[in-house]
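# Architecture at a glance
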Amino acid sequence: WAETSSSHDVVSGFDQEAAALLVARVSTFRIEHEETFDLLRWLDRTLIRVGTKFGEYAKDAPETFRMPGPFAIYPQFMFNLRRSQFVQVFNNSPDETAYYRMILWRENVLNSLVMIQPTLMAYSFNGPPEPVLLDVCSIAPDRILVLDAYFSVVIFHGQTIAQWRKANYQEQPEHEAFKQLLEAPKADAQEILGRRFPVPRLVDCDQHGSQARFLLAKLNPSATYNSAGMGGGSSDIIFTDDVSLQVFMEHLKRLAVAS
């Protein structure tokens with residue numbers, strides 16, 4: 001609540017992380033208590049209203065639309081919430097869905113945001129581990145990725161890394177750096193497992209392997225089977241009909257600025 005007709009006070013005091021969690025809790029509560037509640041439609045309409053009220057734009061000019069700083073990542077949180085296990089119940093049992101939502105209602109903001117928008121770390125020979133975009137373009141043959149999705153931790157080996165590991169390069173003295181590269185993600189994953197309760201599921205997989213789906217399901221599908229080449233330097237594509245974050249934002253811009 002703001003005791004002013006100006007939106008400036010709301011913008012300057014807006015906490016997009018807490019707001020994303022609040023919307024996630026309200027929406028999952030409503031879907032369990034209102035039989036006719038259309039969750040995706042409600043999330044989209046809420047986001048469009050936020051964009052219309054607080055966005056900076058010229059009427060009917062989507063290319064001018066931008067969200068102010070305190071709102072900058074909020075649409076991205078909503079994009080990932082729409083694709084999360086809290087909203088998409090396909091391939092989850094009713095018990096699993098209820099369990100995920102219960103943990104969401106009980107955890108703090110930081111942990112809950114990891115559930116909604118997982119973190120992705122990249123390990124390579126180029127330097128220390130670094131955070132990378134939650135996008136299919138982050139996959140590279142000579143990288144190891146660690147995805148922390150709270151309920152699961154995925155260690156994903158790029159194709160070249162996996163081939164070297166299968167050839168046992170890490171056991172040769174001249175490839176000590178490669179051995180250390182393989183061990184670093186496992187140590188960091190074990191550290192996450194050791195401090196989190198309930199203990200997450202650990203998935204150790206390779207690019208193009210069957211369990212790679214645990215990573216691909218969480219990534220922004222900027223390169224898919226019908227848009228190959230749009231993923232920049234990506235070495236992989238995602239077989240999905242889901243829209244990418246870029247397309248999602250284009251729709252938001254067009255609807256938010258409409259007269």
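Residues numbered from 1 in each chain as written. Predicted model: local features only at pLDDT ≥ 70, side-chain atom pairs only at ≥ 80, totals over all residues. Heavy atoms only, no water.

### A closer look at the confidence of the model for the protein chain
Condition: pLDDT measures the predictor's confidence residue by residue and takes values from 0 up to 100. Whether two residues are in contact is decided by their heavy atoms: any pair within 4.5 Å suffices.
Summarising the model, the protein chain shows a mean pLDDT of 92, and 94% of its residues fall at 70 or more. Low confidence marks residues 229-234, where pLDDT is under 50. Its contacts with residues over four positions away, or in another chain, come to six contacts.

### A few points about the nonpolar core
A general feature of soluble globular proteins is that nonpolar side chains tend to end up buried together. Cut-off, in case you're wondering: To form a nonpolar core, buried Ala, Val, Leu, Ile, Met, Phe, Trp, Tyr and Cys residues must be joined to one another through side-chain atoms within 4.5 Å. Burial status follows relative accessibility: with a 1.4 Å probe on protein chains alone, a residue under 20% of its type maximum counts as buried, one over 50% as exposed, and anything between as partly exposed. Put simply, DSSP H or I for four residues or longer makes a helix, DSSP E for two residues or longer makes a strand, and each gets a number counted from the N terminus.
Within the largest apolar cluster, 38 residues are counted, with the highest numbers of intra-cluster contacts made by Leu43, Met78, Leu81 and Phe86. Where this core is concerned, the elements lending two or more residues are helix 2 (16-33), helix 3 (39-54), helix 4 (74-82), helix 5 (94-106), helix 6 (109-116) and helix 10 (245-256). Ranked by the residues each element gives to this core, the list is headed by helix 3, at six residues. Those residues in contact with Phe86 that lie beyond four places of it in its chain are Thr28, Leu81, Tyr100, Arg101, Leu104, Met115, Ile116 and Phe151. Formed by 18 residues, the second largest nonpolar core is a distinct cluster that contains Leu134, Ala149, Phe156 and Val203.

### Some thoughts on the packing of helix 7 (residues 159-166) against helix 8 (residues 176-195)
Quick note on the threshold: Whenever a helix is involved, its axis is fitted only over the stretch in contact; in every case the axis is a line through C-alpha atoms, and angles between N-to-C directions fall within 0 to 180 degrees. The cut-offs work like this: below 35 degrees is roughly parallel, past 145 is roughly antiparallel, 65 to 115 is roughly perpendicular, and the gaps in between are oblique. Two helices crossing with the near one rotated counterclockwise from the far one by less than a right angle form a left-handed crossing, whereas a clockwise rotation gives a right-handed crossing. Side-chain classes follow a simple rule in which Ala, Val, Leu, Ile, Met, Phe, Trp, Tyr, Cys and Pro form the nonpolar group, Asp, Glu, Lys and Arg form the charged group, and the remainder, Gly included, forms the polar group.
Close contact between helix 7 and helix 8 brings their axes to 12 Å; oriented N to C, the two are set at 115 degrees. As the angle between them shows, helix 7 and helix 8 are arranged roughly perpendicular. As helix 7 packs across helix 8, the resulting crossing turns out to be left-handed. Residues Ile161, Trp164 and Arg165 of helix 7 lie in contact with helix 8, whose contacting residues are Phe178, Leu181 and Leu182. Its residues assigned to classes, the contact of helix 7 with helix 8 shows five nonpolar, no polar and one charged.

### So, the sheet that holds strand 3 (residues 119-124)
The test is simple: Being paired, for any two strands, means DSSP has found at least two bridges between them.
Spatially, 4-3-5-6-7 is the arrangement adopted by the five strands of the open sheet, whose pairing is mixed. Lying at the two open borders of the sheet, with one neighbouring strand each, are strand 4 (127-131) and strand 7 (201-206). The average angle at which neighbouring strand axes cross in this sheet is 15 degrees, direction not considered. This element, helix 7, spans strand 5 (144-148), strand 6 (152-157) and strand 7 of the sheet and lies at about 80 degrees to strand 6.

### Re the pattern of salt bridges
For clarity, the threshold we go by: Salt bridges, as used here, are contacts in which a Lys or Arg side-chain nitrogen is within 4 Å of a carboxyl oxygen on Asp or Glu.
Using the criterion set out here, one finds 10 salt bridges in the structure. One salt bridge connects Lys166 with Asp206, and the closest N-O pair in it is separated by 3.9 Å. With Lys166 in helix 7 and Asp206 in strand 7, this residue pair connects regions lying 40 residues apart in the sequence. The salt bridge partner of Lys253 is Glu250, with a shortest N-O separation of 3.9 Å. Of this pair, Lys253 and Glu250 both sit in helix 10, three residues apart, which is roughly one turn of the helix. Each of Arg165, Lys166 and Asp206 takes part in one network of salt bridges that share partners.

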